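Okay, here's what each chain looks like letter by letter:
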Amino acid sequence: MKILGAITAFFLTDFLFHLIDALAFGMKAETAGQRIGAVFFGICVLLIFMAIFHRFFSKAFFNGFTVATGLFLSFDIVVFHWIFQLHRITNGPEANWLEPLFVLIGIILVWYGISREKGR
């Protein structure tokens, strides 16, 4: 179940954070507030999915999902945003504080999921 949770998390977070532009219906986030709001919307959708998975799936699935989400947040930002500079979380200066915050949150999620699974 852990593996299934991890795979689900990878695809869900990839679709939420990288393909959200396809679902923007022609809207463009041009101001810092709009860009931060778009990121906040993605976080809210992710939290809703996490609440559903926590409620209706096994703890192993949820822990795997949590670890994969944390790995995605931290690994993707460090490797693809910072090292290879392929893209940023937003196109504005707010990415300079959002990305380190997401890396920290990702590390916390990895630690939380692993520690919860080891404690079972």
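Being a predicted model, the structure only gives us computed values, none of them experimental.

Looking at helix 4 (residues 95-118)
In an α-helix, one turn spans 3.6 residues; hence positions three or four apart end up facing the same way.
Then, number 1: Counted at 1.5 Å a residue, the expected span for helix 4 with its 24 residues is 34 Å, and the 34 Å between its end C-alpha atoms agrees.
Then, number 2: Regarding helix 4, the residues found buried are A95, L98, E99, F102, V103, G106, L109, V110, G113 and E117.

Focus on the environment of D76
Then, number 1: By the element assignment, D76 lies in helix 3 (residues 59-83).
Then, number 2: Between the C-alpha atoms of D76 and G106, which are 30 residues apart in sequence, the distance is 9.9 Å.
Then, number 3: Of note is the side chain of D76, whose polar atom sits 3.1 Å from the side chain of H81.

Regarding the confidence of the model for the protein chain
Then, number 1: Counting all residues, the mean pLDDT for the protein chain is 83, and 82% of those residues have values of 70 or more.
Then, number 2: Mean pLDDT per element in the protein chain: helix 1 (residues 2-18) is the minimum at 68, and helix 4 is the maximum at 93.

The rules behind the values
Residues numbered from 1 in each chain as written. Predicted model: local features only at pLDDT ≥ 70, side-chain atom pairs only at ≥ 80, totals over all residues. Heavy atoms only, no water. Helix = DSSP H or I, 4+ residues; strand = E, 2+ residues; numbered from the N terminus. Expected span 1.5 Å × (residues − 1). Buried < 20%, exposed > 50% of the residue type's maximum accessible area, 1.4 Å probe, protein only. Polar contact = N/O pair within 3.5 Å; in protein donor to acceptor, adjacent residues only side chain to side chain. pLDDT = per-residue confidence, 0-100.

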